[in-house]
Structures are given as C-alpha cells and as structure tokens.
Amino acid sequence: MVWLIWILLGAAGSAAADFATDVRPILARRCWGCHGPALHKSDLRLDRRADALHGGESGIPAIVPGNSKVSLLIRYVSGADPKLVMPPAGPRLTPAEVETLRQWIDAGAKWPGAEPNAPLAAKPDPRLSHWAFQPLRAAPALPPVRDTRWVRNPIDAFILARLETKGWRPAPPAAPPDLLRRIYVDLTGLPPSLAEQDRFRGDWDSLAQELLQQPAHAERWARHWLDVVRYGDTNGYERDDVKPKVWKYRDYVIRSLQADKPFNQFVIEQLAGDELPNANAETLLATGFLRLGPWDDEPADPAEDRFDQLDDILNATAQGFLGLTLACARCHNHKFEPLTTKDYYGMIAVFNGLERPRKGRTELDRPIGTWPEIDRDNAREEQINKLREAARTAWLRSGKSVMPPAAAAAFLQPAKDRDEAAKKLVKDFTRKLDEELAALPVEEEVKRLRRETPELERAYFLEERSKQPPATHILIRGKATSPGPEVPPSAPLVVAAHAPPVFTPAPRSSGRRLGLARWIASRENPLTARVIVNRVWQWHFGEGLVRTANDFGVMGDKPSHPELLDWLAVWFMDNGWSLRKLHALILSSNTYRMAKTGNQAYAAEDPENRLWWRAPYRRLEAEAILDSALAVSGKLNRTLYGEFVYPEVPREALEGSSDPDKVWKSFSEEQASRRAVYYIVKRSLLVPLMEVLDVCDTARPAARRQTTSVAPQALQLFNGGFMNRQARHLAERLRREAGAEPAAQIEMAYRLALARPPKPTERDAMISFLRTGTLEELCRVILNLNEFAYTN
C-alpha cells in the first residue's frame, strides 16, 4: 500500500527530484560501492553521468533521460526483474527512494556540470586499431627478395621474403606424379584417371584451368562452403524431420561455383536474393542459406526459440561472411571484441521480418520464380483451395458419402469445437474422405487450372511478407521476456562507422537484408574479402594465413603474413571477386608446388609451418577419401545434382533410433555410389564412416574440420563395408582391364590409387603377398595405404 501511495503521489505531479539533495545521496550510499570511483563491477559507473548513460557490459544504458521505464537502474532497484535485484546485499531501496530516482530520470536526469543531453565523451579503445578492422585500400607493395628466380607470382615474393629474413630456403618442388595427384584431388576431390595421367605433358597452369572448369571441381568446393553455412538436410532435435527441398540450396552452391559467380554476388543472393530488383527462381533459392540451421518444431518457449532462430542466422552471417563472433554480444557487450549489444540487436533487426513457412510442426516449401510468376502461382492455389473447400462442404452435406452421418458432421465442425468423439471420427475417416474427394468433378477443374498456369518449382527458404518488420528491442540478458530499448537496423559500428549500410524499402519487404548484403559485399567492408581469401588459402593448404577462419577479431589468430593476406584481398576484388581466378593464382605459385620434404632445424623453430617453408602434410577429408575409393574401383556414379541419397549404414547404428525401420531408407549401391556431397546430412545420425573421419558439426558454422588420428578410423577403413566393397570392385576391375598377370594388376592398382607406378620394393612385396593372399585383400591394402589418404 505504501508503494502504491508513492506512485500516486508521483503521478499527481510532485516536484522533480534534485540531484544534489535527493539523488546523489541514494547513489553514493547504495550504488557507488560497486559502481563508483573505486570499483566498476560489470564495467558500470554510476558516479559520472556519461558512464551511467553509456551503460555497462550489458550494452544497455543504466539511465535513459526522460524514460525511467527502459532505464536498467529502475528495473533492478525496483525489483521488476526478480532474477536480478540491486543492491545485491543489504536492505532494498525503499519505495520512496525508488520513486525519487524514477522522478529524477523522467525529468531528464539533470546532473550538475552536465547538460541533460550532452554528448558522451568518447572512450579511447585500442581494439579499434586492430588490423582486420582497417580499410582495404591499395594492395601492399611486393617485398624485395634475393632469389628472384623462385618467384613465379606475388604470392611467392611474400612467402620467400619471410623465409629469407631467417636465412631459410623453401622446400624443393614436388615430384611430378605427386603434384599431379595433389592438384587433381585438391581441385576435384578425385585422383587422375589413367587416361588423364597418360595425356598430361607438364603444363601445370593449363591443367589447373581445365580442372577449375569441371563440374567435379564445383562439387568438391561446394562441400567446403556447406561446412561454413551449417548445411544439413534435416532439422535436428527429437524428430529431426527432413527439410523439404533443402538440397536445392546445395545444388545452387554447386552451380554457382561451376559458373564462377562473383563472390560478392554470391553473398548478396544468399542474404537477400528475394529483395533484388531482378529476383528470380535462382536468387530466391539462394536465400535457403537463412533457413539452414537446426529448428525445434515443438519448442518449450516459442518466444525464446524465435530469437534463437534469429541468433542462428546472425551467427552464420557474422562468422561466415565477416569472421566476427558477434553472437557473443547477445546478453552483454562482447567481453573481448569492440562489439556491443547494440551492434548485435542492430543486426537482429535486419532479419527480424523473416517468417518460417509452416503448418503446425510441418515445415513448408515455397514456389520460386519471378515475383509475377509467384503471384500467379499463389492466386491459382488460392482459387484451387476455395474450389476444393466448397466441393468438400457440399459433399459432406449431400448425404452421398458412405461415411456415417456422424463422421460427416464431425468434419463440418471447426477443429477447435470438436469434442473427443468428433476428433476420433475425423481421425478414423480422414483417409476415406480423401478418397471420396479425389473422385469429385472439382479435380478435373483443378487439373485444367494447373495446365493453364503450370506449377512453379518449389524450394526451401524463409519469407518476409511485410515492408515494416516488428520492432527490435535489446533483450536484457538475452531473454525474450525482458525487452529493453528499441534499436534500428545496423551493422557493427567498428567496421561500418565510415560507410554504414543503406537501408531502402524493397517493393515487397523491408529491404534491410539487401542493404546489409550490399554493405557486406562491398569494397568498403574491410572484412569480407580478407575472410574469403583466407578460407580459400586454408582449403588449399590445410591452414589459413589466419588460423581462426571464423574469428578475425582481437581474440582471433594473427595472420602469419598480413601483407600477403591484404594483397590477396585487394587482388581478389580487383579481379571481379572471381574464385576461379584466385584458385589459379594460388596453384600457379611455387609456394603451392613445394614438396612436403621435412627439415629438422626448421621444424624445431617453426613446428606448425607458419612460414610455409614446405607444403603441409594433411589427411584428405571424408568426402575425398570416399569419392577417391569409388573412382579407383570404377563404381563412381557421376550423376550431378538432385535429391540426397542414403549410403549404407550398419544396422547397429540405427538401433538407437526410436524407429530404426524408418529413420534410414534402404540401401541402393548405385545411388549410394554418387559423390559424398550428395549424401544425406541427417543431424541426429551422421554416416558412421564419415563421422569417424571428422565430418563437421552442422549445428553452427564450421571454421575448419578437425583432423584426428584415432583407432576407429583404421578399423572402419580396413574392416568396414564400404572399403571392402570397393576393394572387391577394384579387384574385378583389375582382372577385367589389366589381365591375369599379377605384375600388371599391381601396376594398374598403384596408378589408379596413387597416380604413380609402384616402386620395385613395393612391387616385389605385393607379388609376394599375392602368393598367399587374394587380389581383393591386396586391393584393400592399397586403399588403406597412408599415401591414399595423405596426398604428397
């Protein structure tokens, strides 16, 4: 009652509280012990106006002059948030004290020596000078080197200059057979065929250009990008249902790489393909990127889940394109980076208009095409739905159905009005009603309408149906139930201050995503080009120039060769953001063509090979190992594109499922012999062979795959069904193509698997092995050679 009286007295027009006599004593006595001159808990000070208005690590102002309702100070001292009450020790503030603070804030929070709306003094932040946040202008000059003969292109100059400062020499060139297989597997994920080996004449640059234009290259490198964007064919969580038509996004990536689509266009289409002026089926399909993450179809807290989905989109965008860990600023300002909670929710505001097409727990796909085509498709479907609904109602009322009258009456009732008996009748007779309705004349009219306006292709993406998205508020401690101040759409200030995104409404939506996408894909953004050229370097060499590919922030790895990274980024933009040209540049360097020859002295000082004094020694990814085995055995199915396939999974791996007979479709060897990029990525059940070979987590953007060496890998590759099946097929191929002579069979097996003939000692050992072992067993040994999984 006392509390209510004070509120009423305040509302009745009490005089504004005076800071010196009324407010300062409360703050000094109850707040400054933790948030004053000596101690700044949670990075918050309440003894200085500028700091109080700026707020602490939460990123939300403690005091908002003129608005006590959104001021965190009032929220916490009044007990409005039962999980966080201030002060944390001692007696609570009295209602009178809280009301004094409230009145003072609503009156403008006047503070002696400061104007009510005086601008905050900028706090110098050394993190703003971090190398990755600096603009990319002109390409750095090439460093001078002594051994100019080793430099084939600018990459070599940067690498050699660092080596020469230590008096080191780069490793010698790789042997031609080793380099041949390295380039083939690196670019296409497949070893060179015998015919390709025979016709190669030593022109490495022409070979690279040829391979870069093959569909096999696009398939191989699409898998790299799918790791970054957390691609999965299912939703995860308990039911782990298939995402309808999501595989078309995977095909979009393959086709884009095959066409050498400029990377800046590739970025824009994925973030805002539906908002482009020339939006079409391809650009709408590209926005499937936004919907790739896990999704809980029955969340315990729908409001919280909504922001979890937006957080997933923001995280994939920030890490994937910008190399920023912005998602760490959801609950408070980033602990280590100059990224604020306002930055985080400004990006959330960009995506807040997106909606997930669904019917209950069932996700829906949507038509794709130009917007006029989609409008016609939607109008036709609306007409069909009305025709069918009218025919259904007429049929149920006609008395012609063979169903009991009570069942017909139950179907005519609105679902919300049905009692348990009616619900049971609907469940029992739904199939029968569907059969009856399918035979009605209205279906002929439906066929006619669909002939006149053929149905569009459908795909999996989110929709934005309004030009005015809902307001976005900073969520206090990241909780959907605790909205704070409203924020407009924005990009992180640390990289957008000098050239922020321009948000212009699109004809059918807010246009916010297109504004953000164009900013991300612009030369003004210092991160995007650096991040992607670093990824390409990492995918060629196993490690990036920056070894934290998703984190270019202060806490990320420093580049081993910062000038080279910036030179590549500028060169990449100057050359039309062409990934194909970037690949060709890297492969034409002597840096790429070095052997993996070791040097004990160099390794002792640089064990991680950060100076790139030799080619890195690394295991192939799961997909490249499986695809190579299929190619060597002669069973690789080269069909391009299309729905995912189900490879063989041991029955034991399915036993943990609640429905092992339905969780995995039956095995077809012909279909399962397609490239592994087409394997279903089922979040709750990864293919065991691929899982043991370190396929990445699909719940979040993968910076790089782990490379482990553990016993189950050897057991799977030597004893598992897949490799044993390929060994049998390879043995059959050798008998068919090499004849019955063991030496010829061994020669062909080595050339198919390793792109080189066997050494005399290897040939002798294999011939000796065949005296007691079978050709199938020999083939299994060859497919398990270390050299098969680790290209030289």
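(A) Broad picture of the side chain of threonine 283. Among the structural elements, threonine 283 can be located in helix H14 (residues 281-286). Here threonine 283 falls in the buried class, since its relative accessible area comes to 4%. A polar side-chain atom of threonine 283 sits 3.0 Å from the main-chain carbonyl oxygen of glycine 273. From its side chain, threonine 283 meets the backbone nitrogen of asparagine 280 in a polar contact 2.9 Å long. Not counting residues up to four positions away in its chain, the partners in contact with threonine 283 are Glu269, Gly273, Asp274 and Leu276.

(B) Quick look at the pattern of salt bridges. Inspection of the entire model under this criterion finds 70 salt bridges. A salt bridge links lysine 386 to glutamate 382, with the nearest nitrogen and oxygen atoms 3.6 Å apart. Here the residue lysine 386 and the residue glutamate 382 both occupy positions in helix H17 (residues 371-398), the gap between them amounting to four residues, near one helical turn. A salt bridge links aspartate 574 to arginine 523, with the shortest nitrogen-to-oxygen separation between them at 2.9 Å. Taken as a pair, aspartate 574 in helix H24 (residues 562-574) and arginine 523 in the loop between helix H22 (512-520) and helix H23 (528-541) lie far apart in primary sequence, 51 residues in all. Here the salt bridges share partners, and the residues they tie into one network are Asp377, Arg380, Glu381, Arg450 and Glu455.

(C) Expanded view of helix H15 (residues 302-322). With 21 residues, H15 extends 29 Å between its outermost C-alpha atoms, agreeing within 8% with the 30 Å of an ideal straight helix rising 1.5 Å per residue. Along H15, 17 of the 21 residues are buried, which leaves the element largely enclosed by surrounding structure. Phi turns positive, to about 65°, at glycine 323, one or two residues after H15.

(D) Region of the structure containing the environment of glycine 189. You can see glycine 189 is positioned in the loop between helix H8 (176-188) and helix H9 (194-199). The sequence separation of glycine 189 and glutamine 706 amounts to 517 residues, and the corresponding C-alpha distance is 18 Å.

(E) Structural detail: the state of the cysteines. Scanning the model with the defined rule gives zero disulfides in all. The structure places no disulfide on cysteine 696, whose sulfur is separated from the nearest cysteine sulfur, that of cysteine 328, by 19 Å. Among the residues examined, cysteine 696 registers a relative accessible area of 9% and is labelled buried.

(F) Local environment of the confidence of the model for the protein. Residues of the protein with pLDDT of at least 70 account for 96%, and the chain-wide mean is 92. Across residues 1-13, confidence stays below pLDDT 50; counting only partners more than four residues off in sequence or on other chains, it has ten contacts. Contacts from residues 116-120, a stretch scored under 50 in pLDDT, to residues over four places away or in other chains number nine contacts.

(G) Quick peek at the nonpolar core. Ranked by internal contacts, the top residues of the largest apolar core, which has 184 residues, are Trp225, Tyr249, Trp537 and Leu568. By residue number, the principal contributor to this core is H24, which donates nine residues. Excluding residues that lie within four positions of it along the chain, tyrosine 249 makes contacts with Trp225, Leu226, Val229, Tyr231, Gln270, Leu285, Ala286, Gly288, Phe289 and Leu292. If you look at the next biggest cluster of nonpolar residues, it comprises 23 residues, including Phe19, Leu73, Ile105 and Trp111.

(H) Representation of a nonpolar patch on the surface in the model. Taken together, the side chains of Phe336, Val554 and Met555 make up a nonpolar region of the molecular surface, amounting to roughly 280 Å² of accessible area. Position of valine 554 among the secondary structure elements: in the loop between H23 and H24. In this structure valine 554 comes out as partly exposed when scored by relative accessible area, which is 32%.

Rules behind the numbers
- Residues numbered from 1 in each chain as written.
- Predicted model: local features only at pLDDT ≥ 70, side-chain atom pairs only at ≥ 80, totals over all residues.
- Heavy atoms only, no water.
- Helix = DSSP H or I, 4+ residues; strand = E, 2+ residues; numbered from the N terminus.
- Buried < 20%, exposed > 50% of the residue type's maximum accessible area, 1.4 Å probe, protein only.
- Polar contact = N/O pair within 3.5 Å; in protein donor to acceptor, adjacent residues only side chain to side chain.
- Contact = heavy atoms within 4.5 Å.
- Salt bridge = Lys/Arg side-chain N within 4 Å of Asp/Glu carboxyl O.
- Expected span 1.5 Å × (residues − 1).
- Disulfide = S-S within 2.5 Å.
- pLDDT = per-residue confidence, 0-100.
- Core = buried A, V, L, I, M, F, W, Y, C linked by side-chain atoms within 4.5 Å.
- Patch = residues over 30% accessible without salt bridge, like charges linked within 9 Å, V, L, I, M, F, W, Y side chains within 5 Å.
- Areas by Shrake-Rupley, 256 points an atom, 1.4 Å probe, with all protein chains shown as cover.

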